Amino acid sequence: MRPKFDPEALPVIKTDSRRAPLTAPRMQPDFIRHRLLSPPAWEPELTDESRIYDKTRGLREAAVLVPLVERRDGLTVLLTERNANLSSHAGQISFPGGRQETYDADRIATALRETEEEIGLQRDFIEVLGSLPDYITGTGYHVSPIVGLVRSGFTLQADAGEVADIFEVPLAFLMDPSRHERRLFRWEGGERQFYAMPYPREGGGHRFIWGATAGMLRNLYHLLAA
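- In the annotation of an unreviewed UniProt entry, the entry for the protein reads CoA pyrophosphatase, and the organism field reads Cupriavidus pauculus.

### As for the packing of aromatic side chains
Inference 1: As enumerated under the stated definition, the model contains 3 aromatic pairs in all.
Inference 2: Ring centres 6.4 Å apart and planes at 75° place the aromatic pair phenylalanine 125 and phenylalanine 154 in the edge-to-face group. One end of the pair, phenylalanine 125, is in the loop between helix 2 (107-119) and strand 6 (126-131); the other, phenylalanine 154, is in the loop between strand 8 (141-150) and strand 9 (163-170), with 29 residues separating them in the sequence. For the pair formed by phenylalanine 125 and phenylalanine 154, the shared burial category is buried.
Inference 3: Centre to centre, the rings of phenylalanine 173 and tyrosine 199 are 4.9 Å apart; their planes meet at 80°, and the pair counts as edge-to-face. Linking phenylalanine 173 in helix 3 (residues 171-174) with tyrosine 199 in strand 11 (residues 190-200), this pair joins segments that are 26 residues apart in sequence.
Inference 4: The exposure class assigned to phenylalanine 173 is buried, which follows from its relative accessible area of 11%.
Inference 5: In this structure, arginine 207 packs its charged tip against the face of phenylalanine 167, placed 4.0 Å from the ring centre.

### Description of the environment of alanine 63
Inference 1: Along the chain, alanine 63 turns up in strand 2 (residues 60-69).
Inference 2: As for alanine 63 and aspartate 124, which are separated by 61 residues in sequence, their C-alpha atoms are 18 Å apart.
Inference 3: The residues touching alanine 63, leaving out its near neighbours within four places in the chain, are Gly97, Gly98, Arg107, Thr110, Ala111, Val143 and Ser144.

### Side note on the nonpolar core
Across soluble globular proteins, nonpolar side chains show a tendency to be buried alongside one another.
Inference 1: In terms of nonpolar packing, the biggest core is built from 37 residues, with Leu171, Leu174, Met175 and Ile209 touching the most fellow members.
Inference 2: Looking at this core, the elements with two or more residues in it are helix 1 (29-37), strand 2, strand 3 (76-82), strand 8, strand 9, helix 3, strand 11 and helix 4 (211-225).
Inference 3: The greatest single-element share of this core, amounting to 8 residues, is contributed by helix 4.
Inference 4: Dropping the residues within four chain positions of it, leucine 174 is found in contact with Val77, Val169, His180, Met197, Ile209 and Leu217.
Inference 5: If you look at the next biggest cluster of nonpolar residues, it comprises 14 residues, including Ala63, Val69, Leu78 and Leu112.

### Structural notes on the pattern of salt bridges
Inference 1: Considering all chains together, one arrives at 17 salt bridges under this definition.
Inference 2: Measuring nitrogen to oxygen at the nearest pair gives 2.7 Å for the salt bridge that ties glutamate 168 to arginine 71. Here arginine 71 lies in the loop between strand 2 and strand 3 and glutamate 168 lies in strand 9, a separation of 97 residues in the sequence.
Inference 3: Close ionic contact of glutamate 81 with arginine 201 constitutes a salt bridge, the shortest N to O distance being 3.9 Å. Of this pair, glutamate 81 sits in strand 3 while arginine 201 sits in the loop between strand 11 and strand 12 (206-210); the two residues are 120 residues apart in sequence, bridging distant segments of the chain.
Inference 4: Taken together, the salt bridges that share partners define one network made up of Asp16, Arg19, Glu45, Arg182 and Arg218.

### With respect to the environment of methionine 27
Inference 1: By the secondary structure assignment, methionine 27 is in the loop between strand 1 (12-15) and helix 1.
Inference 2: Note on methionine 27: relative accessible area 13%, which makes it buried.
Inference 3: Once residues lying within four places of it in the same chain are set aside, the contact partners of methionine 27 are Leu22, Ile32, Leu75, Leu171, Ala172 and Met175.

Conventions used here
Residues numbered from 1 in each chain as written. Predicted model: local features only at pLDDT ≥ 70, side-chain atom pairs only at ≥ 80, totals over all residues. Heavy atoms only, no water. Phe/Tyr/Trp six-rings, centres within 6.5 Å; stacked < 30°, edge-to-face > 60°. Helix = DSSP H or I, 4+ residues; strand = E, 2+ residues; numbered from the N terminus. Buried < 20%, exposed > 50% of the residue type's maximum accessible area, 1.4 Å probe, protein only. Lys NZ or Arg CZ within 6 Å of the ring centre and 35° of its normal. Contact = heavy atoms within 4.5 Å. Core = buried A, V, L, I, M, F, W, Y, C linked by side-chain atoms within 4.5 Å. Salt bridge = Lys/Arg side-chain N within 4 Å of Asp/Glu carboxyl O.

Have a look at this one:
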């Protein structure tokens, strides 16, 4: 078993200064819609945790929504901060989503249902654009990231049992590779590298976006940059 650790306290081993930030035209809804409908040849980055997953356990199917919100100043990404008292991924920054249920027609249905249950975002406001490569977490979830364009005018209602906060980050911030930190965790049984994208919090400190959420955003960058 890997020991628990504070990801924010771990060293940054490098950032990606070789790649350019996405240009404004590539962050427009029409471009993203077309790119997900007809993706070019591109190479997803292996950012998942399948290499450290205990393969003697079965994977649990799940889906999340990657919500791109249309705002006057450009698209934002809507994220949640999970409650600190949860048994899984407590306090982490996540996309809305969760485990697939037998009554869900498919992964899209899972992502939309979980989003409405967690944050009250109704599916009528969401245009599903496509999906990103699946992600396997070290905790045993096989996650399908569903990308959705969210039109303005919605209201949100957080599930107090799961969600501590809901916030938005400009897509331009997250699509700048110089913000993509690689951090390293070593323990007696091995090591793990992961992406982190700390976003400054009003009043000081950061919203620490890392792990699966950052890995999915990294692949969104690769797709839109291809």
